[in-house]
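One letter stands for each residue in the lines below.
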Amino acid sequence: MQEVPHMNKKESRAIQEDYADLIDIDNNLDRLVKKIELLSYLNPLNTEKEKQRFYASKFTENPILKYPKIKFHPYKLHRMFFSQRLERITDQQVQKLYQDIIYYYSNMVQCIQTIGEPKKFYYNSLRVYGTPTEKDVQNAEFILHHSDEASSSDMEKVYSPSDAKDYFDEFSKNYNFPLNIKLSTAIAADAMVSNTTQTLLLKKNTKFSKNQLLTLANHEIGVHLVTTYNGLEQPLKIFSNGFPRNVETQEGLAVFSEYMSGALTLNRLKTLAYRVLASDSLIKGYSFSDTFDMIHGKYKLNRDDAFAITMRVHRGGGFTKDRLYLSGLKKIYKRYRREEAMDNLLTGKVTMDYEADIEHLQKLGLANPITHRNIAFAKNENENKTLDFILNHLK
């Protein structure tokens, strides 16, 4: 258990003694979880090559993707997860939370284990991320009915990765944690946060628009790094490693941060809607080219964006995580309209559904108030009336 800023040494020692068994299990899980960053195994190694082959075949030959080798022994890892003696945790509510966490991490291992085995991977991915509901699909279609906005100079991709780095360095002065930036060729998105190394990864061979820089700053630094650093300051490491099914909450907060900062556009919202429809196409048995044809052929999205969205959901054999950005935004926006505080949701990589558990841990002295807040949440800078209309009418 790390020294925690909100406690004096005496309080910290007393909690370590009272909850020695829990802290022991929490540390064990921390050591085991370090091995399983799913996205690092799920980003294909040959996307560009297969993209060109797919285009050359006039969108008929599905990409054949290669993935990184697994650096751990999955079966052994499962065994170590389930050998944790949770009966040593005397508080029933906390014991149940850790049980859920072990099942969730174990599902993650099964996902990694079956990457590239379509049926198996898809079913494991469904257990972790679910499939879009009918309402999700209706919400996505509702968003896509709105006609495109006129493009502005803010959307022109003119900034290099080193320009982006300068921008993010400047933006991060709003926050009192270090910002590590690394250029990478191995990521699917233009930018993402690596939680384990507290690093903002930027795609090496890409260009960024002004709007994209504002979007990424508020999404990646304003939420993903804020929850990374808040998580590190908690007495228990589950706040860093992640509560079960935390993606919907965390991505919902991150897109809501884009909205509050004035960065969210209808175009971006449409991308999230396409991701829902692409995820939904998996349960209908669509192949890569079927999903691509729906987005590029039926909805007329340009081929590069259509390819990127299709690739994100078909990688591994069918990955439904992308469906959660829109439903997450909807839930966080409703919470904002009810004027409920977001603080508990920023304590680490946590989940709305476990808010009662977070409050319970706070009462026991096993969770702390947050140190780092999101600057965008303080004031609504959105001026786009269409977005307000859409967000207020999502089912």
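Structural data are supplied above this passage.
Presented here is a report on the structure given in the accompanying data block. None of these values were measured; they are calculated from a predicted model. (Residues numbered from 1 in each chain as written. Predicted model: local features only at pLDDT ≥ 70, side-chain atom pairs only at ≥ 80, totals over all residues. Heavy atoms only, no water.)

1. Structural notes on the overall build of the chain
What the chain contains, in helices and strands, is 18 helices and three strands. For 395 residues, the compact-globule estimate of 2.2 N^0.38 gives 21 Å, and the C-alpha radius of gyration of the chain, at 21 Å, lies within 12% of that figure. Considering only C-alpha atoms, the chain reaches an extent of 65 × 45 × 40 Å along its principal axes. When contacts within the chain are restricted to residue pairs at least 6 apart in sequence, those whose partners lie at least 24 apart make up 75%. Accessible area for the chain stands at about 18,300 Å²; split by element, carbon and sulfur atoms hold 50% of it. Measuring between centres, the 55 positive side-chain charges of the chain sit 5 Å from its 49 negative side-chain charges. (Helix = DSSP H or I, 4+ residues; strand = E, 2+ residues; numbered from the N terminus. Rg over C-alpha atoms; globule rule 2.2 N^0.38 Å. Contact = heavy atoms within 4.5 Å. Areas by Shrake-Rupley, 256 points an atom, 1.4 Å probe, with all protein chains shown as cover. Lys, Arg positive; Asp, Glu negative; His and termini not counted. Charge placed at Lys NZ, Arg CZ, Asp CG, Glu CD.)

2. Re the nonpolar core
Counting residues in each nonpolar core, the largest one holds 115 residues, and the members touching the most others are Ile-36, Phe-81, Tyr-98 and Phe-168. With eleven residues, the single largest contributor to this core is helix 6 (residues 92-113). Contact partners of Phe-81, with chain neighbours within four places excluded, come to Leu-29, Leu-32, Val-33, Ile-36, Ile-102, Tyr-105, Ser-106 and Val-109. (Core = buried A, V, L, I, M, F, W, Y, C linked by side-chain atoms within 4.5 Å. Buried < 20%, exposed > 50% of the residue type's maximum accessible area, 1.4 Å probe, protein only.)

3. Brief notes about the sheet that holds strand 2 (residues 191-194)
The strand order across the open sheet built from three strands is 1-3-2, with neighbouring strands paired in mixed fashion. The open sheet has two edge strands, strand 1 (180-184) and strand 2, and neither has a second partner. Put simply, the sheet's adjacent strands are angled 30° from each other on average, direction ignored. Pairing of strand 2 with strand 3 (residues 199-203), which is carried by four bridges, proceeds in the antiparallel orientation. The residue of strand 3 that forms the bridge with Val-193 is Leu-200. (Pairing = 2+ DSSP bridges. Axes fitted to C-alpha atoms, helices over the stretch in contact; angles between N-to-C directions.)

4. A short note on helix 5 (residues 74-82)
Burial in helix 5 covers these residues: Pro-74, Leu-77, His-78 and Phe-81. What you see down the axis of helix 5 is that its buried residues fit within an arc of 105°, all on one side. More than 90 degrees from the buried face of helix 5, the exposed residues found are Tyr-75 and Arg-79. As for helix 5, its buried residues are in contact with helix 2 (20-33) and helix 6. (Arc of directions from axis to C-beta.)

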